[in-house]
Amino acid sequence: MVEITLKGITKRFGNFLALDNINLKINDREFMALLGPSGSGKSTLLYTIAGIYRPTRGRIYFDDRDVTDIPPKDRNVGLVFQNWALYPHMTVFENIAFPLELRKVPRDEIERKVREVAKMLHIENLLHRYPWQLSGGQQQRVAIARALVKEPDVLLLDEPLSNLDTLLRLEVRAELKRLQKELGITAVYVTHDQAEALAMADRIAVIKEGKILQVGTPNEVYYKPKYKFVGWFLGNPPMNFVEAEVEGDYLRVYSSRIPVPSHYREIIEKLGIKEVILGFRPHDAQIVKGVGDGLLGEVYSFEPLGREQIVTISLDGVFIKVFAPEEESFTFGEKVTVEIREDRIILFDKEKEVALEYLYKD
Ligand SMILES: Nc1ncnc2c1ncn2[C@@H]1O[C@H](COP(=O)(O)OP(=O)(O)O)[C@@H](O)[C@H]1O
Ligand SMILES: [Mg+2]
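Residues numbered from 1 in each chain as written. Chains lettered and ligands numbered in written order. Predicted model: local features only at pLDDT ≥ 70, side-chain atom pairs only at ≥ 80, totals over all residues. Heavy atoms only, no water.

Caption draft 1: Inspection of the overall build of the protein chain at higher detail. Scanning the protein chain from N- to C-terminus turns up 10 helices and 20 strands. Considering only C-alpha atoms, the protein chain reaches an extent of 75 × 45 × 35 Å along its principal axes. Sorting the 362 residues of the protein chain into buried and exposed places 50% on the buried side. When the accessible surface of the protein chain is totalled, it reaches about 17500 Å², and 49% of it is carbon and sulfur. (Helix = DSSP H or I, 4+ residues; strand = E, 2+ residues; numbered from the N terminus. Buried < 20%, exposed > 50% of the residue type's maximum accessible area, 1.4 Å probe, protein only. Areas by Shrake-Rupley, 256 points an atom, 1.4 Å probe, with all protein chains shown as cover.)

Next comes the structure, spelled out in structure tokens:
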């Protein structure tokens, strides 16, 4: 129930630059995912919002209030860590009640609030147990309950699902997303799992080496990656990338030629660029048997996935992956043509690895 503004946040650990001039606005009631590989600075940014770390430079605002110099306990944030860190000698009730005890909340109010939040997380029948008597999923719910019980303005979560097995992770993921919206709480969610970010977040901030590369809705970052890295990091399998050379109205891709996509004609002309990287998602192309109009290649391998199959195709020795319907059958080495959905093509600058439209704007 608060809007978070990060202005020019830089964090150094000694000589190491962990966060490099982060500017980000997180809207009231928004679910913002911080997505990036391990070591990219996600946790550092989260702990800076929490007040556990002080930024080397920059300011943090909750609504109009500058909280940069305010200690964590006075920021009213709920934190959920990757390893849930429950107090082993306390029952579930006592664990959840702890933040309220610290605040000297009256006994009957503690009782009421703990039961309320426990009910919300479906753990009301576990209140008398100790952490060692709980499954991983239950412990994780207790940790979330403990973060929520003091009715924080902001919920901060650091990879809270990564210690759960796959099925449980999917279940809690859906619940957490619903809970966040029901409570109408502003949430910042750190993850290295692109599927989790796409599934849960209203917007995703993609972080690499302490910098935010792109902020957008799941749809925006998935279909309109600003950088080659973003196209690669999101999606499973990742975006395909092949080198291409501009030849008039065509792109030469190894031994094939396809028209320059209409949304890039003007940009390419203005930039006068010759060498690009062509990017497209594995489900934004279809495979046609034999030699036709498109990228010419050979089937290298094919893997059924149930509803569909993923086909690896060699374009003169460079591999791309394309989804095909389950009923289609392929043979190793057969000649095929890959027809890419033109409006989904992204062209990147070969050196800067940034999408051409951003090069053009700068
Ligand atoms: N307290 C610290 N002291 C020194 N270096 C740190 C400290 N915390 C994090 N780092 C470094 O900062 C970088 C970002 O760390 P972190 O924010 O934990 O990454 P992520 O959460 O994205 O995996 C890493 O290279 C890490 O080694
Ligand atoms: Mg981390």
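Caption draft 2: Main features of the domain arrangement of the protein chain. Along its sequence, the protein chain is organised into domain 1 (4-233) and domain 2 (240-361). If you average the C-alpha positions of domain 1 and of domain 2, the two centres end up 38 Å apart. Contacts between the two partners involve 12 residues from domain 1 and, on the opposite side, 13 residues from domain 2. At the boundary of domain 1 with domain 2, total buried surface from both sides reaches about 1100 Å², with 60% on carbon and sulfur atoms. Contact with domain 2 buries area across many residues of domain 1, yet Tyr223, Lys226 and Lys228 alone supply 53% of it, more than any other trio. The tally of links between domain 1 and domain 2 comes to 1 salt bridge. (Domains from an automatic or database assignment. Contact = heavy atoms within 4.5 Å. Buried area = accessible area lost by both parts, 1.4 Å probe. Salt bridge = Lys/Arg side-chain N within 4 Å of Asp/Glu carboxyl O.)

Caption draft 3: The arrangement of the site of ligand 1 in detail. Every residue near ligand 1 is listed here: Phe13, Phe16, Ala18, Pro37, Ser38, Gly39, Ser40, Gly41, Lys42, Ser43, Thr44 and Tyr53. Ser43 is positioned such that a nitrogen or oxygen atom in its side chain is 2.8 Å from an oxygen atom of ligand 1. Thr44 is positioned with one of its side-chain polar atoms (N or O) 2.5 Å from an oxygen atom of ligand 1. A total of 560 Å² of accessible area belongs to ligand 1 in isolation, and the protein chains cover 60% of it. (Near = heavy atom within 4 Å. Polar contact = N/O pair within 3.5 Å; in protein donor to acceptor, adjacent residues only side chain to side chain.)

Caption draft 4: Up close: the pattern of salt bridges. Taken as a whole, this structure holds 26 salt bridges when the rule is applied. Here Arg203 ties to Glu30 by a salt bridge, and the two come within 2.5 Å at their closest N and O atoms. A residue pair is termed long-range when its members are at least 10 positions apart, and Arg203 in strand E9 (residues 203-208) and Glu30 in the loop between strand E2 (16-26) and strand E3 (31-35) qualify at 173 residues. Between Arg341 and Asp343 there is a salt bridge, and its shortest N-O distance comes to 2.9 Å. Judged by its relative accessible area of 41%, Asp343 falls in the partly exposed class. Among the charged side chains, a salt-bridge network with shared partners connects Arg54, Arg59, Asp66 and Asp69.

Caption draft 5: Representation of the environment of Lys25 within the structure. When you line up the elements, Lys25 lands in strand E2. With 39 residues separating them along the chain, Lys25 and Asp64 place their C-alpha atoms 12 Å apart. Ignoring anything within four residues of it in the chain, the contact list for Lys25 reads Glu3, Ile4, Thr5, Glu30, Met32 and Arg203.

Caption draft 6: Summary view of the packing of helix H4 (residues 136-148) against helix H5 (residues 166-183). Two numbers describe how H4 lies on H5: the axes approach to 12 Å, and their chain directions differ by 15°. Comparing their axes, H5 and H4 come out roughly parallel. Where H4 crosses over H5, the handedness of that crossing is right-handed. In contact with Gly137, Gln140, Arg141, Ile144 and Leu148 of H4, H5 contributes Leu168, Glu171, Val172, Glu175, Leu176, Leu179 and Leu183. (Axes fitted to C-alpha atoms, helices over the stretch in contact; angles between N-to-C directions. Parallel < 35°, antiparallel > 145°, perpendicular 65-115°, else oblique. Left-handed = near helix turned anticlockwise from the far one by under 90°.)

Caption draft 7: Spatial organisation of the environment of Phe13. Summarising the element assignment, Phe13 is placed in strand E1 (residues 4-13). When the C-alpha atoms of Phe13 and Thr56 are compared, they prove to be 8.9 Å apart, with 43 residues separating the residues in sequence. With residues up to four places along the chain from it excluded, the contact list for Phe13 reads Ala18, Thr44 and Tyr53.

Caption draft 8: Main features of the nonpolar core. If you look at the biggest cluster of nonpolar residues, it comprises 49 residues, and the most contacted ones within it are Ile96 and Ile204. Per element, the largest residue contribution to this core is 6 residues, and it comes from H4. When sequence neighbours within four positions are dropped, the list of residues in contact with Ile204 reads Met32, Ala33, Leu35, Ala197, Leu198, Gln214, Val215, Gly216, Pro218, Val221 and Leu234. Core analysis: the second largest hydrophobic core is formed by 39 residues, Tyr264, Ile267, Leu278 and Val354 among them. (Core = buried A, V, L, I, M, F, W, Y, C linked by side-chain atoms within 4.5 Å.)

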